[in-house]
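Coordinate inspection notes
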Amino acid sequence: MTDKEGSTAPPHKAAWTADDHHTINHFRNLVDRFGVDIQALGWRDSRSQTARFEVLASGGFDPEASLLDIGCGQGDLFAWLLENGYCVDYCGVDLTPEMVSIARARFPEARFEVADLFDLDASYRAHHVIASGIFSTRQAAPFDYLQAAVTHLYRFAEVSLAFNCLSTHAERQDEGEYREDPAAVLRFCFTLTPFATLRHDYHRGDFTVFLRREARRA
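What counts as what
Residues numbered from 1 in each chain as written. Predicted model: local features only at pLDDT ≥ 70, side-chain atom pairs only at ≥ 80, totals over all residues. Heavy atoms only, no water. 1 Å grid on protein atoms, 1.4 Å probe; cavity = no way out; pocket = protein on both sides within 12 Å on 5 of 7 lines; lining within 4 Å. Points joined across faces, edges and corners; volume = space filled by probe spheres on them. Helix = DSSP H or I, 4+ residues; strand = E, 2+ residues; numbered from the N terminus. Nonpolar A, V, L, I, M, F, W, Y, C, P; charged D, E, K, R; others polar. pLDDT = per-residue confidence, 0-100. Phe/Tyr/Trp six-rings, centres within 6.5 Å; stacked < 30°, edge-to-face > 60°. Buried < 20%, exposed > 50% of the residue type's maximum accessible area, 1.4 Å probe, protein only.

Comments concerning empty space enclosed by the protein
Under the definition given, this model contains one cavity of 30 Å³ or more. Considering only enclosed or pocket space, the largest cavity measures out at about 60 Å³ in volume. Of all elements in the fold, only strand S4 (126–131), strand S5 (157–166) and strand S7 (206–212) reach the threshold of two or more residues within the lining of the largest cavity. Grouping the amino acids of the lining of the largest cavity by side-chain chemistry returns seven nonpolar, three polar and one charged.

So, in structure tokens, the structure goes:
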């Protein structure tokens, strides 16, 4: 793909842009149908969303840290952080304008932006970067997209990057879902940092990977 800190030149840009438009239209339709609701994000229920938030946060946030939330949707992660006592300097980014509009209305005290992750500039750098659910509907060269996205986002993480992905170990796969072999993803992440860990103990069909700049303190 690229060197660890070099520029990312997406090799499938046109196809990935088409995927982006599909994603925007998909979630725009869900917002039109469900409004401010867990179903507008494609989640089956709030319990599965909360479980993923708990796992993503288990990587550890420093007190008063800055956090960049990629694929922020309607701001549910920000709400969860507030409810659980996390004090972070938060910024949420999403492709779908309707999602960002809802998030801004719900949480005017937080920063939410419409942006493609590959278009982020240095002002988005944060101690911690989280990406939840952003790979689930990718269709065009999805593993290449995952590698390019993780490589790019890791550049914005001063301390850690955490992301999740649907797993090939699921009992069933719905049409239109992208699932990946967690072992292959972890092998790739080790090319970016030796301090990479994987969790596949909370859901058979989902896994989370953590990348850190340095070894985590005991």
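Here's the deal with the confidence of the model for the chain
Residues of the chain with pLDDT of at least 70 account for 92%, and the chain-wide mean is 89. Ranking the elements of the chain by mean pLDDT puts helix H1 (residues 13–34) last, at 88, and helix H6 (residues 182–189) first, at 98.

Thoughts on the packing of aromatic side chains
Under the counting rule described, the total for this entry stands at 11 aromatic pairs. With a centroid separation of 5.2 Å and 85° between ring planes, the pair formed by Trp16 and Tyr145 is classed as edge-to-face. One end of the pair, Trp16, is in helix H1; the other, Tyr145, is in helix H5 (residues 142–154), and 129 residues separate them in sequence. Residue Trp16 is classed as buried on the basis of its relative accessible area of 3%. With 5.3 Å between their ring centres and 75° between their planes, Phe78 and Phe107 make a pair best called edge-to-face. Pair noted here: Phe78 is in helix H3 (residues 76–83) and Phe107 is in the loop between helix H4 (97–106) and strand S3 (111–114), with a separation of 29 residues, a long-range link. You can call Phe78 buried: its relative accessible area is 8%.

Things to note about the layout of surface pockets
Taken as a whole, the second largest pocket spans an internal volume of roughly 250 Å³. Every residue along the wall of the second largest pocket is listed here: Gly59, Gly60, Phe61, Asp62, Glu158, Val159, Arg212, Arg213, Glu214, Ala215, Arg216 and Arg217. The class makeup of the residues in the lining of the second largest pocket is three nonpolar, two polar and seven charged.

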